[in-house]
Each structure stands twice: as C-alpha cells, then as structure tokens.
Amino acid sequence: MAFFEFDCSDRTFEEIQIFAGFQDSNLDMLSRCFKSVCMIRDQKIKVEVNETLDTHLVEEVIAACFSIIDTQHRLNSQDVSYICSLAFKNRLKDFKAHQLPVSYTHLTLPTT
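Below: a short report on this structure. As the structure is a prediction and not an experimental result, all values here were calculated from the model. (Residues numbered from 1 in each chain as written. Predicted model: local features only at pLDDT ≥ 70, side-chain atom pairs only at ≥ 80, totals over all residues. Heavy atoms only, no water.)

Before going further, it helps to spend a moment on the environment of L30. Turning to its location among the elements, L30 is positioned in helix α2 (residues 25-34). Overall, the relative accessible area of 1% leaves L30 in the buried class. Through-space distance from the C-alpha of L30 to that of S77 is 8.3 Å; in sequence the pair is 47 residues apart. Those residues within four positions of L30 in sequence are excluded, and the remaining contacts are F19, C38, V61, I62, V80 and C84. (Helix = DSSP H or I, 4+ residues; strand = E, 2+ residues; numbered from the N terminus. Buried < 20%, exposed > 50% of the residue type's maximum accessible area, 1.4 Å probe, protein only. Contact = heavy atoms within 4.5 Å.)

Have a look at this one:
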C-alpha cells in the first residue's frame, strides 16, 4: 500500500486537530471525496494512492482547508465537501477562505 504524504510539521497540534475534525469527520469527508483512505500519522496527512487519485488535487484541497483554519480557526465537513467540489470542477483557484458560502437554517421560535 502506497501513501501520498502531506507534511504538517509546521502546524500546531490544535491546527491538526481542527483539520481532522470532531471524531475525524473532516478526514472521513476527505476520504469520501477522494475515494481513498485518509489518516494522520507522525504530523503527516496520509492518503492512500489509487489509480484515480490526483495527488496534486489532494495537495490543493489540504492547503485550502488549512487556509480556512488559518483565517477562521475552524473547519467542518461541509467546508471540506465544498472545497472538494470546487477542486473537482477545477475552480479551486477562485477559492478565498474568507468567502465561504453561508447556509441558513430555518429556526422555529417558541411562541408565548
């Protein structure tokens, strides 16, 4: 089994935790997007290489995720999914971490 490795030795433990997500939810989303196994070991993000994996695209997606962490100090699986969708459409070059789409949830307010 061969793995593509993205070095995170310049990142803090907290930044790597944010990247992984609560209960590895961000890593799971990354795995689903790239149809590959993703994990963090020894300050490296490792992605299992397969015949369809574009390692350059993986690198761009990971860099975009860390740009969100750098500017907003957070990252969730919807962000990862959005970044992956941009990458697969070859539109990641237009991505700005401070311009993430905002979704609104319909809230039911209590009545008195």
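Anyway, onward from the coordinates.
Looking now at the packing of aromatic side chains. Summed over all chains, the structure comprises three aromatic pairs. Plain terms: the ring middles of F19 and F66 are 5.0 Å apart, the flat faces sit at 10° to each other, and that makes the pair stacked. Placement of the pair is F19 in helix α1 (residues 13-20) and F66 in helix α3 (residues 55-72), with a sequence separation of 47 residues. The same class applies to F19 and to F66, which are both buried. (Phe/Tyr/Trp six-rings, centres within 6.5 Å; stacked < 30°, edge-to-face > 60°.)

In terms of nonpolar packing, the biggest core is built from 34 residues, with F19, L30, F34 and V61 touching the most fellow members. Broken down by secondary-structure element, the contributors of at least two residues to this core are β1 (3-7), α1, α2, β3 (44-48), α3 and α4 (77-88). Examining the composition of this core, we find that nine residues originate from one element, α3, more than from any other. (Core = buried A, V, L, I, M, F, W, Y, C linked by side-chain atoms within 4.5 Å.)

Three or four residues apart is the spacing at which side chains of an α-helix point the same way, because the helix has 3.6 residues per turn. With 18 residues, α3 should cover 26 Å at 1.5 Å per step; its first-to-last C-alpha distance of 26 Å lies within 8% of that length. All of the buried residues in α3 are L57, V58, V61, I62, A64, C65, F66, I68 and I69. Along its buried surface, α3 packs onto β1, α1, α2, β3 and α4. If you check the start of α3, you find a side-chain oxygen 3.1 Å away from the backbone N of H56, and it comes from D54. Where α3 ends, the next residue or the one after it, H73, has phi of about 55°, a positive value. (Expected span 1.5 Å × (residues − 1). Polar contact = N/O pair within 3.5 Å; in protein donor to acceptor, adjacent residues only side chain to side chain.)

Taken as a whole, this structure holds five salt bridges when the rule is applied. With its nearest N and O atoms 3.4 Å apart, the salt bridge here joins E5 to K46. Here E5, found in strand β1, pairs with K46, found in strand β3; they are 41 residues apart in sequence, far enough to count as distant. Take E5: its relative accessible area is 38%, and that puts it in the partly exposed class. Under the relative-accessibility criterion, K46 is labelled buried at 17%. Here the salt bridges share partners, and the residues they tie into one network are E5, K44 and K46. (Salt bridge = Lys/Arg side-chain N within 4 Å of Asp/Glu carboxyl O.)

Turning our eyes to something else, we now look at the side chain of S31. Take S31: it is sitting in helix α2. Residue classification places S31 among the buried residues on the basis of a relative accessible area of 16%. With sequence-adjacent residues up to four places away left out, S31 is seen in contact with S36, V37 and C38.

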